[in-house]
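# Coordinates in review
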Amino acid sequence: MTYTGHVHRVVAAAVVGSAVVTALVLGVVAVAATGSQGVRVLGIDLLAWILIAPALGVALVGGLTLVVVRVIDARRARGMDYIRDQVVAIRDGGGALPRTMVGLADVDAVAGDVARLAGELAQERAMDRDFAADASHQLRTPLTALLMRLEEIGQTDDLGVVRDEAAVAVTQVERLTGVIDTMRTRSKGEKAQLPEISLDSVLAGLQREYQPAFTAAHRTMRVEGPPGLAVRAAPMDLAQILQILIENSLDHGAGRVEIEMRSSGGSVVIEVSDEGEGVPAAIAPHIFERSVTSHGSGLGLGLARQLAERNGGRLELVSAQPAVFAAFLSGPGSR
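Figured I'd write up the structure that's included with this text. Source: prediction; values computed, not measured. (Residues numbered from 1 in each chain as written. Predicted model: local features only at pLDDT ≥ 70, side-chain atom pairs only at ≥ 80, totals over all residues. Heavy atoms only, no water.)

Next up on the list: the sheet that holds strand S8 (residues 314-319). Reading across the sheet, the five strands line up as S4-S6-S7-S9-S8 and stay open at both edges, with mixed pairing between neighbours. What marks the edges here is a single partner per strand, and that holds for strand S4 (221-224) and S8. The sheet shows a mean angle of 20° between the axes of neighbouring strands, taken without regard to direction. Both strand S6 (residues 257-264) and strand S7 (residues 267-273) contribute to a ladder of seven bridges, which runs antiparallel. The residue of S7 that forms the bridge with Ser263 is Val268. (Pairing = 2+ DSSP bridges. Helix = DSSP H or I, 4+ residues; strand = E, 2+ residues; numbered from the N terminus. Axes fitted to C-alpha atoms, helices over the stretch in contact; angles between N-to-C directions.)

Now the structure itself:
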């Protein structure tokens, strides 16, 4: 019931209550007067009781009414305090505050609407933060590699090298544009299409893209596996999964990075490993959590797992020391 409705009911009850108390007092006085020898009851004239009874009724019921109204006002004030606190929390970037029902339908309804709005805004802000963090993480290394490639183009006079490097640079820019588009689509909750993708072409492109970064780090990358393997996945999602695994080995590992592909039943397994010390035992169980990492941002592997699951697969740490990550994706015959 609304606040106004409660007040109206209390006032109506007070009027009825006053009348009832008045009638009871007058009835008692009448009974006492009938059985007495005089015309006074409790030392008060019988006619005076006609005035005293209504006053007594109003005083008694009015006092109770005042208590009830104050209780209702206190509930309303508690509900309004929550709404004000929730508005402040929304303004400060917070989420929905814990609340209790105050028993006033209009106040509870408004408080519920404000709480739901706070939850929705908090979710949108979290998605925006994740998008910004993921974009920064996903674009940092490819942009560095692209810059190194452009610097190499600027330092050579060989037109053949310029054409080859420029073609790779254009491919990198197109892929980065696709990464941004894919992330925006993912942030809107849209479903990705899952065509059949050749692993050979994707890995060949990544090898060309990361060659400057591996050269600068004095490291190498090798790909092994039968040719012609294909998976069913969104192209940009697949590229991002592999990119994250390669970057993880490049940033946190050591020695040669090996990518091994194999077919397993209706799935394709892609393992990425390196010759580093591996993942610390304390971190290994939490390695895919966004905020957990041995060093760095801790975003990449969690995002890679989300992408794998988005495409009907999974990403696992199959060995901590040495570190071996395995992506399990559907083969071309799967739907």
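The next point concerns the packing of aromatic side chains. Under the criterion given, the structure shown has one aromatic pair. Their ring planes at 85° and their centres at 6.1 Å tell us that Phe288 and Phe325 sit as a pair that is edge-to-face. One end of the pair, Phe288, is in the loop between S7 and helix H7 (300-310); the other, Phe325, is in strand S9 (residues 324-330), with 37 residues separating them in the sequence. The class for Phe288 is buried, based on a relative accessible area of 14%. The lysine or arginine in question, Arg305, covers the ring of Phe288, its NZ or CZ lying 3.9 Å from the ring centre. Over the face of the ring belonging to Phe328 we find Arg314, whose NZ or CZ atom lies 4.0 Å from the ring centre. (Phe/Tyr/Trp six-rings, centres within 6.5 Å; stacked < 30°, edge-to-face > 60°. Buried < 20%, exposed > 50% of the residue type's maximum accessible area, 1.4 Å probe, protein only. Lys NZ or Arg CZ within 6 Å of the ring centre and 35° of its normal.)

Moving on: the pattern of salt bridges. Here the structure, examined in full by the defined rule, presents ten salt bridges. Residue Arg84 pairs with Asp81 through a salt bridge whose shortest N-O separation is 2.4 Å. Taken together, the residues span about one helical turn, with Arg84 and Asp81 both in helix H2 (residues 46-91) at a distance of three residues. What makes Arg84 partly exposed here is its relative accessible area of 47%. Take Asp81: its relative accessible area is 36%, and that puts it in the partly exposed class. Members of the salt-bridge network, linked through shared partners, are Arg222, Glu224, Arg256 and Glu258. (Salt bridge = Lys/Arg side-chain N within 4 Å of Asp/Glu carboxyl O.)

Function cannot be inferred from these measures alone, as they are strictly geometric.
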